[in-house]
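Okay, here's what each chain looks like letter by letter:
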Amino acid sequence: MNVTSPEIPVVVAIDGPAGSGKSSVSKAVARRLGYGFLDTGAAYRALAWHVQASGIDTDDAASVVASLASFDVRIGTDPAGYAVHVGDVDVTTAIRDPEISAVVSRVARVPEVRTHLIELFRASMALESRPGIVVEGRDITTVVAPDAPVRILLTASPEVRAARRSAELVGSATTSVGDALRARDEADSKVVEFMTAADGVTTVDSTELDFDQTVDAVIAVIGNIQPVTD
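What counts and what doesn't
Residues numbered from 1 in each chain as written. Predicted model: local features only at pLDDT ≥ 70, side-chain atom pairs only at ≥ 80, totals over all residues. Heavy atoms only, no water. Salt bridge = Lys/Arg side-chain N within 4 Å of Asp/Glu carboxyl O. Helix = DSSP H or I, 4+ residues; strand = E, 2+ residues; numbered from the N terminus. Buried < 20%, exposed > 50% of the residue type's maximum accessible area, 1.4 Å probe, protein only. Contact = heavy atoms within 4.5 Å. Pairing = 2+ DSSP bridges. Axes fitted to C-alpha atoms, helices over the stretch in contact; angles between N-to-C directions. Core = buried A, V, L, I, M, F, W, Y, C linked by side-chain atoms within 4.5 Å. Parallel < 35°, antiparallel > 145°, perpendicular 65-115°, else oblique. Left-handed = near helix turned anticlockwise from the far one by under 90°. Nonpolar A, V, L, I, M, F, W, Y, C, P; charged D, E, K, R; others polar.

Caption draft 1: Spotlight on the pattern of salt bridges. Summed over all chains, the structure comprises seven salt bridges. Among the ionic pairs, D216 bridges to R32, the shortest N-O distance being 3.0 Å. Note that D216 is positioned in helix α10 (residues 211-225) and R32 in helix α1 (residues 22-33), a separation of 184 residues in sequence. Judged by relative accessible area, which is 39%, D216 ranks as partly exposed. The partner of D59 in a salt bridge is R109, with the nearest N and O atoms 3.3 Å apart. A residue pair is termed long-range when its members are at least 10 positions apart, and D59 in the loop between α2 (40-53) and α3 (61-67) and R109 in the loop between α5 (104-108) and α6 (111-127) qualify at 50 residues.

Below, the structure is given as structure tokens:
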């Protein structure tokens, strides 16, 4: 798919490790610019939810692949009204459960799953009616939208990422959250490269930035590559 087609003037592809703020920052950027927002990680989480709800072992790759036939996922691209559905079930909140976080890498590492969902992501991008779309996840800048005019690696130090994530989870110690993030990154890095910026990808390190400053930094990168109009 040509991601720079007239139908989609701007695709902003954002990669980054767990806890880097990809989703919240990307959503805020999309709202500021009047763009659509696609959280690709939500699709993998939704599949993990679907697999578990279907009584399938997430370690059984063949059964996970077979479950794609009944995986009716819908991910909204409105940053102001974002929601995820599997069939008639709203799983927007359920897919953020720690139980899903613990197994999502097991389904995401299956090559057939990645191929299937990448096609879904590209279809969502092609159907976007807004002037552009911010697409965030793990391999967006290199696989999903390698020709995007704006490609960003959003990162932060492991300590900062753990502190930010633990602040979102009531009763979670920073140390245990840090261990979970490292485990998630290690598992996912066996499938995709998202810790190092590929050629042509701009790194935004938010270690010393607050949320608003990070959003501003991402928008500045977009402005340097593609003029942004109000």
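From this point, the discussion proceeds with the structure in view.
Caption draft 2: Seen up close, the environment of A217. Relative to the elements of secondary structure, A217 occurs in helix α10. For A217 and S206, which are eleven residues apart along the polypeptide, the C-alpha to C-alpha distance reads 8.7 Å. For A217, the residues in contact, after removing those within four places along its chain, are V204 and L209.

Caption draft 3: Fine view of the sheet that holds strand β3 (residues 73-75). The strand order across the open sheet built from three strands is β3-β4-β5, with neighbouring strands paired in antiparallel fashion. In this open sheet, the two edge strands, each paired with only one partner strand, are β3 and β5 (89-90). As paired strands, β3 and strand β4 (residues 84-86) are joined by three bridges and run antiparallel to one another. Within β4, the position partnered with I75 by the bridge is V84. Across the face of the sheet, α2 comes into contact with β3, β4 and β5 while running at roughly 35° to β4.

Caption draft 4: Examining the nonpolar core more closely. One finds V12, V29 and V84 to be the most contacted residues of the largest nonpolar core, which totals 57 residues. Sorting elements by how many residues they give to this core places α2 first, with seven residues. Setting aside chain neighbours within four positions, we find V84 in contact with A42, A46, V73, R74, I75, V89, D90, V91, T92 and I95.

Caption draft 5: Structural context of the sheet that holds strand β7 (residues 150-155). In space, the five strands of this open sheet follow the order β2-β6-β1-β7-β8, with parallel pairing throughout. At either margin of the open sheet sits one strand with a lone partner, and together these are β2 (36-39) and β8 (202-205). With direction set aside, neighbouring strand axes in the sheet form an average angle of 20°. One ladder, built from four bridges, connects strand β1 (residues 10-15) with β7; its direction is parallel. What sits directly across from V12, in β7, is V150. Docked against the sheet, α2 engages β2 and β6 (132-137), running at close to 40° with respect to β2.

Caption draft 6: Quick look at the packing of α2 against α6. Contact geometry of α2 with α6 gives a least axis separation of 11 Å together with a crossing angle of 130°. The angle between α2 and α6 places the two elements in the oblique class. Along this stretch, α2 crosses α6, giving a crossing that reads as right-handed. Listed contacts from α6 to T40, A43, Y44 and L47 of α2 are V113, R114, L117 and F121. Per-class residue counts for the contact of α2 with α6 are six nonpolar, one polar and one charged.

Any link to function would need more than the numbers given here.
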